[in-house]
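Okay, here's what each chain looks like letter by letter:
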Amino acid sequence: MKILVTGAKGQVGSEIKSLSKSFDAEFIFTDLAELDITNKEGILNLFKEHDFDYCINCVAYTAVDNAEENQIISTAVNAKGVQNLAEACEKIGATLIHISSDYVYHNEVNRPLKETDPTEPKGVYASTKLQGDFAALNYNKSIILRTSWVYSSFGNNFVKSMIKYGTERDSLNIVFDQIGTPTYARMLAENILIIINHCEAGNAHYGVFNFSNEGVCSWYDFALEIFRIKGITCNVKPILSKDYPTPAQRPPFSVMDKSKIKETYNLNIPHWRDSLNDCLNLIINSEKSEQ
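Residues numbered from 1 in each chain as written. Predicted model: local features only at pLDDT ≥ 70, side-chain atom pairs only at ≥ 80, totals over all residues. Heavy atoms only, no water.

For the overall build of the protein chain, give the residues involved together with the corresponding values.
When its secondary structure is counted, the protein chain shows nine helices and twelve strands. By the compact-globule yardstick of 19 Å for 291 residues, the protein chain fits well, its C-alpha radius of gyration being 19 Å. C-alpha atoms of the protein chain, sized along the principal axes, occupy 55 × 45 × 40 Å. Out of the 291 residues belonging to the protein chain, those deemed buried represent 51%. Put simply, 82% of the contacts in the protein chain that link residues at least 6 apart link residues at least 24 apart. Working note: accessible area of the protein chain is about 13400 Å², and carbon and sulfur atoms make up 46% of it. Computed over 28 positive and 36 negative side-chain charges, the inter-centroid distance for the protein chain is 1 Å. (Helix = DSSP H or I, 4+ residues; strand = E, 2+ residues; numbered from the N terminus. Rg over C-alpha atoms; globule rule 2.2 N^0.38 Å. Buried < 20%, exposed > 50% of the residue type's maximum accessible area, 1.4 Å probe, protein only. Contact = heavy atoms within 4.5 Å. Areas by Shrake-Rupley, 256 points an atom, 1.4 Å probe, with all protein chains shown as cover. Lys, Arg positive; Asp, Glu negative; His and termini not counted. Charge placed at Lys NZ, Arg CZ, Asp CG, Glu CD.)

This is how it looks when you write it as structure tokens:
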């Protein structure tokens, strides 16, 4: 089994790389320096060189606010790049596993979102991610994983920002009217590999699946829990989204129903607090080893 992982230096790609040593497959890890997914010819050449069984696409233009002024690059990466990968996979019959976003929903259902719910993306990032979903779905062996609030011990993310600012400042203002579920990138990576094992066993199911940790919280709640586990004494003040304006509109409610993926692939998904504790323990242990 040969697996291509694009965006290998990102959060999910880094977690897959960390887990790959104990997974029975040959992995090819690429980042922008090795493979630009907006370059169709480059992708086709790589796929000719390697007869991949799976392509896990971890590449995305995720600078949500910057995307408002960079629609061309956001479209190239989040939409056209996915189309290029899907077409390359189709040529050799490889399975495409593509990571998408809760931003594509952004509706007013106000209950856990299902894969069959309408999509109403607001802003360039959200729109281009949905275009990428459509591109992937044009190929019948694509698995699209819509996830939310991703963090990891790798890269830059909300957890690391809170640790940094929480130790530097006496107080922080964090929005409390955006509700969702944090997703630990390592937990997502582990379950992607579980899904591949199911596919190898003849239990492949394609299409769109929601995936995040279990549970519900606001960004305010998330920050409080980070500080509690880390022992950071910073005064966290809840504010409304209107008091922290951003170029791109954030989904006010993006809690997702994971029933479909849990039943289809027999997944046991942990609560977000448990995964956060796992991630912070890694960070704490890493800090101790550096002292």
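Describe the pairing of strand S4 (residues 95–101), naming the residues involved and giving the relevant values.
Counting buried residues along S4, seven of its seven residues qualify, which places the element largely inside the surrounding structure. Residues of S4 alternate between two faces, with Thr-95, Ile-97, Ile-99 and Ser-101 on one and Leu-96, His-98 and Ser-100 on the opposite face, all of them buried. Bridge count for strand S3 (residues 54–57) against S4 is four bridges, and the pairing is parallel. The residue of S4 that forms the bridge with Asn-57 is His-98. (Pairing = 2+ DSSP bridges.)

Go over the sheet that holds S3 with me, naming the residues and quoting the values.
Across the sheet, six strands lie side by side as S2-S1-S3-S4-S5-S10; this open sheet has parallel pairing. Two strands bound the open sheet, and with one partner strand each, they are strand S2 (26–30) and strand S10 (207–210). Strand-to-strand twist across the sheet, computed as the mean angle between neighbouring axes with direction ignored, equals 20°. Contacts between helix H4 (residues 124–137) and the sheet are confined to S4, strand S5 (142–147) and S10, with S4 contributing the most and set at about 160° to the helix. (Axes fitted to C-alpha atoms, helices over the stretch in contact; angles between N-to-C directions.)

An account of the nonpolar core is requested, with residue identities and associated values reported.
Among the nonpolar cores identified, the biggest contains 56 residues, and Ile-192, Phe-222 and Ile-226 are the most heavily contacted of them. Broken down by element, the residue count for this core peaks at nine residues, all from helix H6 (residues 185–200). Beyond its immediate stretch of four places on either side in the chain, Ile-192 contacts Val-12, Ile-16, Ile-56, Ile-97, Ile-99 and Leu-145. (Core = buried A, V, L, I, M, F, W, Y, C linked by side-chain atoms within 4.5 Å.)

So, the packing of helix H3 (residues 71–92) against H4: which residues are in play, and what are the values?
Contact geometry for H3 and H4: axes closest at 8 Å, N-to-C directions at 15°. Judged on the interaxial angle alone, H4 and H3 are roughly parallel. In this structure, H3 meets H4 at a crossing whose hand is right-handed. Contacts between H3 and H4 involve Gln-71, Ser-74, Thr-75, Asn-78, Ala-79, Val-82, Gln-83 and Ala-86 from the former and Val-124, Tyr-125, Thr-128, Lys-129, Gln-131, Gly-132, Ala-135 and Ala-136 from the latter. (Parallel < 35°, antiparallel > 145°, perpendicular 65-115°, else oblique. Left-handed = near helix turned anticlockwise from the far one by under 90°.)

Please provide a residue-by-residue account of helix H2 (residues 40–49), values included.
The set of residues buried in H2 consists of Ile-43, Leu-46 and Phe-47. The buried side chains of H2 occupy one side of the element, clustering within an arc of 100° when seen end-on. Exposed residues on H2 whose side chains face more than 90 degrees from its buried face are Glu-41, Lys-48 and Glu-49. Where H2 is buried, its residues touch strand S1 (2–6), S2, S3 and H3. (Arc of directions from axis to C-beta.)

Hey, could you go over the environment of Asp-31 for me, with residue numbers and the actual values?
Mapped onto the fold, Asp-31 is located in the loop between S2 and H2. Separated by 81 residues in sequence, Asp-31 and Pro-112 place their C-alpha atoms 34 Å apart. Excluding residues within four positions of it along the chain, Asp-31 makes contact with Gly-7, Ala-8, Lys-9 and Gly-10. A polar side-chain atom of Asp-31 sits 2.9 Å from the main-chain amide nitrogen of Lys-9. (Polar contact = N/O pair within 3.5 Å; in protein donor to acceptor, adjacent residues only side chain to side chain.)

Any chance you could break down the side chain of Lys-258 for me, citing the residues and the numbers?
Position of Lys-258 relative to the elements: it lies in the loop between strand S12 (235–239) and helix H8 (259–265). Polar side-chain contacts of Lys-258 include one of 3.0 Å to the side chain of Ser-212. At 2.9 Å, the side chain of Lys-258 forms a polar contact with the backbone oxygen of Asn-213. Dropping the residues within four chain positions of it, Lys-258 is found in contact with Asn-210, Phe-211, Ser-212, Asn-213, Glu-214 and Ile-269.

Provide a residue-level description of the side chain of Asp-257, including the pertinent values.
Within the secondary structure, Asp-257 sits in the loop between S12 and H8. If near-sequence neighbours (up to four positions away) are discounted, Asp-257 is found in contact with Pro-112, Leu-113, Lys-114, Glu-115 and Asn-210.

I'd like a rundown of the pattern of salt bridges, residues and numbers included.
Under the criterion given, the structure shown has twelve salt bridges. Here Lys-2 makes a salt bridge to Glu-26, at a shortest N to O gap of 3.9 Å. With Lys-2 in strand S1 and Glu-26 in strand S2, this pair connects stretches of sequence that are 24 residues apart. With relative accessibility at 17%, the residue Lys-2 sits in the buried group. (Salt bridge = Lys/Arg side-chain N within 4 Å of Asp/Glu carboxyl O.)

Bear in mind that shape data such as this cannot, by itself, settle questions of function.
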